[in-house]
Amino acid sequence: MCKSAILERIRKNKPELIPLPDLSVFHHNISETDLIKDFIRVSTESKSKVINIMNIEIQLGTYLKEFITKNYPSATIFYDALNPKENLDGIDFNSEPVDLFIAESKLGVAENGCLWFDENILKQRISSFACQHTLLIIDHKNLVPTMHQAYQKLKIEETGYGVFIAGPSKTADIEQSLVIGAQGALSNTIILI
Amino acid sequence: MSTHSKKSALFIKDEARTDWHDGALWKVRQKRDDSAAQLSEWESLREAASQIKDNVLSNLDGYLVQFETEAKKNGVIVHWAVDAEAHNHIIGEILEKHNVRKIVKSKSMLTEECKLNDFLESRNIEIIDTDLGERIIQMRKEAPSHIVLPAIHIKKEEVGELFHKELGTEKGNSDPTYLTKAARTHLRNKFFEADAAITGVNFGIAETGGVVICTNEGNADMGCNSAPLQIHCMGIEKILPKAEHLGVFTRLLARSATGQPSTVYTSHYHRARQDSEMHIVIVDNGRSELLGKEDFRNSLKCIRCGACMNTCPIYRRSGGHSYHATIPGPIGAILSPNINLTEYSDLPFASTLCGSCSDVCPVKINIHEQLYKWRQEIYKNNELPKSKSIPLKFTAKVLENPSVYKLVGKIARSSIRFLPRTMIYNRLNVWGKQRELPEAPKESFKEWYKNKRNV
């Protein structure tokens, strides 16, 4: 009953059809060098730590192993979405504090540092939020200039849930003082490959 | 005196605090400016956003039906609520069916508008606001004073005291990092205990039937992704036609709100997790009626960024609570009279009509023009207070007749110059309150012009 009443009133009250604007004007030709530069700058400003290993010849797995030992020395429980053999569904975030979330995004946005993760990557939707720290990997070849190109590439409904992540969780709700680590991750590190 | 004036008078009594409030919001406005200036296409983006919303409003019925069809295909359960009461009733029924006792909620101006918390609390259901600012004001039993920064009116020392009492933090500790961590621990437990999560919606996508939610704290996702039941409450005007339109709006929203290039999390929900349910409640509550008012329908374009509040010289110096409405500030002052003209007839006057709100609005709502138009509506509906209607009637008479105008001008000029202060600066002259009237010239412009020409 509510539905037909609402729709009826909208039909009666709406203005004449106005066409949608052309969005092709938001086309950006940016060199790969600038894309990478922008992405690193914006992500850093958004309080992510960015490590650029684009020019280092090392196997990612080997690098990460060393990096994690060095940078997260007290971490014992991992949510490793890079490793297809891990039983990620079995991890219960309620009963144990998971220290580190590790995953690779297949789409990054240079203008705002957003990295896309959907259920195919995440497996458990809550994983990146409930872990104490996040370690995100992005290949520089998967960077696009702006959100326009990101949404052109994406199919947002491909899985039941998808999220752009642009840094560690934060808040400024107490006197506008920026505090890193609100309800989600306490820190965010991005490895650019 | 109007409600807004009375409440503002209370607010500005503490001068230092008023300056602090003013300064804090102006800083957010400046961050917005810096952020906007970094995009050469900023103005084209605003124009595109405005046009997309024009299109949405002109085909809202079609998009809503499409949205529902697609959402249902995704297994989402869609409800329609004609007003606040229906909205609360629907949510009450869903919760009852699932035997829900504990809820976590992320920020939603719509559920504030519908007074959902009061409704659920009266049914003995625990509802916890999980945005830090919202949690603070919930503990203080207050309404938000800003739509993006709900606790902007509260000092850290007050939060420290509140958390000491409510969460057992150290007495006297008001360090924001320490307090935020305490809230994090407190809320983590709430997230995992909750039987249901309720959120607002930033954008609903007609093409895909999904909803998009933007937060910095990650609280909406912590809630929705752990509770077995998720409910999203969405005003009918939140629809966007296609996913590609999110490109325009996600670029504008955070930059306009806080100056960030993006919110930390932009989450897209299309289907429930395994063994859980996803509901969307589509709410009208006066919006379809507003759609029919040509002069005011543009206010339905609002994406709730709060930029108009941060820039408004009145809002910054009177505080959000002075607006005594769910949504304060310039946008609230044009939305609220549509809900109740008598109750909110003071709000369109809480403005200098400087137009700064319209200048910063990411979807180009003509806010200051609508404020002016509401004043006319209020006059037509005889809702003006006597302090305004009598002087207006008098002024009209004076302006109607050139010789009366000349005479009154003369009297006014000499009154200001020669009458004793107590005759001018008293209760009857609101223009002489807390300010000096300008020095009166000896002659009118007409007299001056005549004299000049004769020289």
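About the thresholds
- Residues numbered from 1 in each chain as written.
- Chains lettered and ligands numbered in written order.
- Predicted model: local features only at pLDDT ≥ 70, side-chain atom pairs only at ≥ 80, totals over all residues.
- Pairing = 2+ DSSP bridges.
- Helix = DSSP H or I, 4+ residues; strand = E, 2+ residues; numbered from the N terminus.
- Axes fitted to C-alpha atoms, helices over the stretch in contact; angles between N-to-C directions.
- Contact = placed C-beta atoms within 7 Å.
- Nonpolar A, V, L, I, M, F, W, Y, C, P; charged D, E, K, R; others polar.
- Buried ≥ 20, exposed ≤ 12 C-beta atoms within 10 Å, placed from the backbone.
- Parallel < 35°, antiparallel > 145°, perpendicular 65-115°, else oblique.
- Domains from an automatic or database assignment.

> In this structure, what is going on with the sheet that holds strand S1 (residues 49-52) of chain A? I would like to understand it.
Strand pairing in a sheet relies on backbone hydrogen bonds. The paired strands run either parallel or antiparallel. Residue and element names in this part refer to chain A. Strand order in the open sheet made by the 5 strands is S1-S11-S6-S3-S2, with parallel pairing throughout. Every other strand in the sheet has two partners, leaving S1 and strand S2 (78-80) as the edge strands with one partner each. For this sheet, the mean angle separating the axes of adjacent strands, direction not counted, is 15°. Where strand S3 (residues 100-105) meets strand S6 (residues 133-138), 6 bridges bridge the pair, whose relative direction is parallel. If you follow serine 105 over to S6, its bridge partner there is isoleucine 138.

> Is there a simple way to explain the interface of chain A and chain B in this structure?
One widely used convention gives an interface's size as the accessible area the parts lose upon coming together. Listed as interface residues are 58 residues of chain A and, on the opposing side, 70 residues of chain B. Looking at the side of chain A that touches chain B, the elements with two or more residues in it are helix H1 (2-13), helix H6 (147-153), strand S8 (161-165) and strand S9 (170-171) of chain A. Top contributing element to the side of chain A that touches chain B by residue count: H1 of chain A, with 10 residues. The residue inventory of the side of chain A that touches chain B, partitioned by class, reads 29 nonpolar, 17 polar and 12 charged. Here S8 of chain A runs beside strand S9 (residues 265-269) of chain B; their pairing, made up of 5 bridges, is antiparallel. The partner of phenylalanine 164 of chain A across the bridge, within S9 of chain B, is threonine 266 of chain B.

> For this particular structure, what's the right way to read unusual backbone geometry?
Glycine aside, residues mostly have negative phi angles, and peptide bonds mostly take the trans form. Residues and elements named next belong to chain B. At asparagine 99, a residue that is not glycine, the phi angle is positive and equals roughly 60°. Mapped onto the elements of the fold, asparagine 99 is located in the loop between helix H5 (84-97) and strand S2 (102-105). One non-glycine residue, lysine 364, lies in the positive phi region at around 55°. Here lysine 364 is to be found in the loop between helix H17 (356-360) and helix H18 (367-380). Under the C-beta neighbour-count criterion, lysine 364 is labelled partly exposed, with 18 such atoms within 10 Å.

> Before we go on, may I ask you to explain the pairing of strand S11 (residues 187-192) of chain A in this structure?
The two faces of the sheet receive side chains in turn, since in a regular strand these alternate between them. All names here are of chain A. In the sheet, S1 pairs with S11 via 4 bridges, with the strands oriented parallel. Each bridged residue has a counterpart across the sheet, and for asparagine 52 the counterpart in S11 is leucine 192. Taken together, the 6 bridges between S6 and S11 define a ladder with parallel strand orientation. The residue bridging isoleucine 137 from the neighbouring strand is isoleucine 191, located in S11.

> How should the packing of H1 of chain A against helix H4 (residues 60-73) of chain B be read in this particular structure?
When two helices pack together, their arrangement is given by the angle between the helix axes and by the axis-to-axis distance. Across the interface, H1 of chain A lies against H4 of chain B with an axial gap of 8 Å and an inter-helix angle of 150°. Judged on the interaxial angle alone, H4 of chain B and H1 of chain A are roughly antiparallel. For the pair formed by H1 of chain A and H4 of chain B, the contact residues are Leu7, Ile10 and Arg11 of chain A on the first element and Leu60, Asp61 and Leu64 of chain B on the second. Its residues assigned to classes, the contact of H1 of chain A with H4 of chain B shows 4 nonpolar, no polar and 2 charged.

> So what exactly am I meant to see when it comes to helix H8 (residues 132-139) of chain B here?
Since there are 3.6 residues in each turn of an α-helix, residues three or four apart along the chain are aligned in direction. Counting buried positions over the 8 residues of H8 of chain B gives 7, a clear majority of the element. Taken together, the buried positions of H8 of chain B are occupied by Leu132, Gly133, Glu134, Arg135, Ile136, Ile137 and Gln138 of chain B. Buried residues belonging to H8 of chain B abut S9 of chain A together with strand S3 (126-129), helix H9 (156-167) and helix H10 (176-193) of chain B. Immediately downstream of H8 of chain B, the backbone of lysine 141 of chain B shows phi near 55°, a positive value.

> Just checking my understanding: could you explain the domain arrangement of chain B for this structure?
Residue and element names in this part refer to chain B. Taken as a whole, chain B is organised into domain 1 (3-10 + 294-380), domain 2 (39-285) and domain 3 (386-454). Centre-to-centre separation of domain 1 and domain 2, based on C-alpha positions: 23 Å. Here the side of domain 1 that touches domain 2 is composed, by residue class, of 10 nonpolar, 5 polar and 4 charged.

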